[in-house]
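Reading the structure
One-letter residues, chain by chain:
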Amino acid sequence: MIRYADDFVCTFQYKQDAEKFKADLIERLKKFGLEVAPDKTKLLEFGRFAAEGRGKRGAGKPETFNFLGFTVYCGKTLNGKFSVKLKSDRKRVAKKLKALKVWLNKNKTTYVEEIVKKLNVSLRGYYNYYYVVNNTRMVTTFVYRVEQMLFRMLNRRSQKKSYTLADYRKAKAWFLLVRPNNPKQI
């Protein structure tokens, strides 16, 4: 069982154990006037043998699930061994990018240094939460998208184009956005 506050994931080796646990959990929660959210509760074939089992049935890749802002999926290491992998939940990333875009548009007239300071605070928080092993691609994509939004916002501050792409790259030297360090092991 993996738990955080009121969210949890339970793993079982056998399907009948999972079904029994689910039935028992629903029954137990009823005693306290609580119920399981049906849209968040499901049984998945997941794990070391899921790909093989689903492949035999022609069901495709193993299913994924979202937990605490990450999409959890079955993968393989470089040696070809099974591994549980994490990547940022696309919906959460899109929501964060949309919020940053709104914030940038509201703060167009603020000094660039102040904008970059606040963006760096936001980026550090993002890195601290999402920069884990196997999630490097999603994190670097996020940073790239933030840089694109900053470039567009800087060009919309006046009626003429403030920066060409070459000028923007030169200017990045004096308003550096923080970069992620090494990913965390979980």
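Below: a short report on this structure. (Residues numbered from 1 in each chain as written. Predicted model: local features only at pLDDT ≥ 70, side-chain atom pairs only at ≥ 80, totals over all residues. Heavy atoms only, no water.)

Moving on to the overall build of the chain. Counting its secondary structure elements, the chain contains six helices and five strands. Starting at the N terminus and ending at the C terminus, the chain contains elements arranged as β-β-α-α-β-β-β-α-α-α-α. The globule rule puts the C-alpha radius of gyration for 186 residues at 16 Å, and the 22 Å found for the chain is more than 25% above it. Seen through its C-alpha atoms, the chain measures out along the principal axes to roughly 65 × 45 × 30 Å. Put simply, 50% of the contacts in the chain that link residues at least 6 apart link residues at least 24 apart. If you sum the accessible surface of the chain, you get close to 13900 Å²; carbon and sulfur atoms cover 53% of it. Placing the 42 positive and 16 negative side-chain charges of the chain at their respective mean positions leaves the two points 10 Å apart. (Helix = DSSP H or I, 4+ residues; strand = E, 2+ residues; numbered from the N terminus. Rg over C-alpha atoms; globule rule 2.2 N^0.38 Å. Contact = heavy atoms within 4.5 Å. Areas by Shrake-Rupley, 256 points an atom, 1.4 Å probe, with all protein chains shown as cover. Lys, Arg positive; Asp, Glu negative; His and termini not counted. Charge placed at Lys NZ, Arg CZ, Asp CG, Glu CD.)

We now examine the packing of aromatic side chains. For the structure on display, the rule yields seven aromatic pairs. Centroid distance F46 to F65: 5.4 Å. Interplanar angle 70 degrees. Geometry classified as edge-to-face. Here F46 is found in the loop between α1 (15–31) and α2 (50–57), whereas its partner F65 is found in strand β3 (residues 65–67), with 19 residues between them in sequence. Taken together, the aromatic side chains of F70, Y126, Y129, Y130 and F142 make up a single cluster linked through ring pairs. In this structure, K87 packs its charged tip against the face of Y73, placed 5.5 Å from the ring centre. (Phe/Tyr/Trp six-rings, centres within 6.5 Å; stacked < 30°, edge-to-face > 60°. Lys NZ or Arg CZ within 6 Å of the ring centre and 35° of its normal.)

If you check the backbone angles, L68 has positive phi at about 55 degrees while not being a glycine. With respect to the element layout, L68 can be found in the loop between β3 and β4 (70–76). Relative accessible area serves as the criterion here: at 26%, L68 is assigned to the partly exposed category. Residues other than glycine seldom take positive phi values, yet N134 does so here, at roughly 75 degrees. Inspection of the secondary structure assignment puts N134 in the loop between α4 (112–130) and α5 (136–155). For N134, a relative accessible area of 36% puts it in the partly exposed group. (Buried < 20%, exposed > 50% of the residue type's maximum accessible area, 1.4 Å probe, protein only.)

Now for α4. Spanning 19 residues, α4 covers 26 Å between terminal C-alpha atoms, matching the ideal 27 Å at 1.5 Å per step. Of all the residues in α4, the buried ones are V112, I115, V116, L119, N120, S122, L123, Y126, Y127 and Y130. Packing partners of the buried residues in α4 comprise β4, β5 (82–88), α3 (90–106) and α5. (Expected span 1.5 Å × (residues − 1).)

Moving on to the pairing of β4. Burial analysis of β4 places five of its seven residues in the buried class, which makes it a mostly covered element. With three bridges connecting them, β3 and β4 associate as antiparallel partners. When the sheet's bridge partners are listed, N66 is paired in β4 with T71. In textbook terms, the turn of a hairpin is the stretch between consecutive antiparallel strands, and for β3 and β4 this stretch comprises two residues, one of which, L68, has a positive phi near 55 degrees. The pairing of β4 with β5 spans seven bridges and is antiparallel. The residue of β5 that forms the bridge with V72 is L86. (Pairing = 2+ DSSP bridges.)

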